[in-house]
Amino acid sequence: MEQESSTDLTATIRRIMPFCEVLGLTVVEASPDRVEATVEWTEQRTTVFGGLHGGYVMAVADSTGAAADPAGLPLEA
């Protein structure tokens, strides 16, 4: 089975879960056991003293977790 590129994985997750586009979520790696994603720090995503807003961090964690749930959002969709 051919390994999908990071660009392909990101395009797929953003297509099946459009909120990932809003979050700026980029999928680095995805397998049945692990999904790794990254986001970039931007001022619009911060709270006091420039730290990432907790709600933003939780939305990223929730979206990444959903991508890892084979019963939820399979990356092959």
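Overview of the structure. (Residues numbered from 1 in each chain as written. Predicted model: local features only at pLDDT ≥ 70, side-chain atom pairs only at ≥ 80, totals over all residues. Heavy atoms only, no water.)

1. Notes on the overall build of the protein
- The helix and strand inventory of the protein stands at three helices and two strands.
- Each helix (α) and strand (β) of the protein, taken in turn from the N terminus, gives the series α-α-β-β-α.
- For the protein, with 77 residues in total, the buried portion stands at 26%.
- Approximately 5,100 Å² of the protein is accessible, and the part contributed by carbon and sulfur atoms is 58%. (Helix = DSSP H or I, 4+ residues; strand = E, 2+ residues; numbered from the N terminus. Buried < 20%, exposed > 50% of the residue type's maximum accessible area, 1.4 Å probe, protein only. Areas by Shrake-Rupley, 256 points an atom, 1.4 Å probe, with all protein chains shown as cover.)

2. Focus on the nonpolar core
- One finds I13, C20, L23, L25, V27, A30 and V60 to be the most contacted residues of the largest nonpolar core, which totals 13 residues.
- Of all elements in the fold, only α1 (6-16), α2 (19-23), β1 (26-31) and α3 (54-68) reach the threshold of two or more residues within this core.
- In terms of residue count, α3 provides more of this core than any other element does, four residues in total.
- The residues contacting C20, other than those within four sequence positions of it, are I13, R14, L25 and S63. (Core = buried A, V, L, I, M, F, W, Y, C linked by side-chain atoms within 4.5 Å. Contact = heavy atoms within 4.5 Å.)

3. Description of the environment of T42
- With respect to the helices and strands, T42 occurs in the loop between β2 (34-38) and α3.
- Once the C-alpha coordinates of T42 and L52 are considered, the two residues, 10 residues apart in sequence, prove to be 8.4 Å apart.

4. Notes on the side chain of T64
- With respect to the helices and strands, T64 occurs in helix α3.
- Of the residues examined, T64 reaches a relative accessible area of 15% and is grouped as buried.
- A distance of 2.9 Å separates a polar side-chain atom of T64 from the backbone oxygen of V60.
- Each residue touching T64, except ones within four places of it in the same chain, is listed here: L25, V35 and A37. (Polar contact = N/O pair within 3.5 Å; in protein donor to acceptor, adjacent residues only side chain to side chain.)

5. Considering the pairing of β2
- Pairing between β1 and β2: five bridges, direction antiparallel. Residue pairing in the sheet places E29 in a bridge with E36 of β2.
- Counting the residues in the hairpin turn of β1 and β2 gives two residues. (Pairing = 2+ DSSP bridges.)

6. Let's talk about the environment of T38
- Locating T38 in the fold gives a position in strand β2.
- With a relative accessible area of 35%, T38 lands in the partly exposed category.
- Between the C-alpha atom of T38 and that of V60, which follows or precedes it by 22 residues, the distance is 8.7 Å.
- Among residues more than four places away in sequence, those in contact with T38 are G24, L25, T26 and V28.

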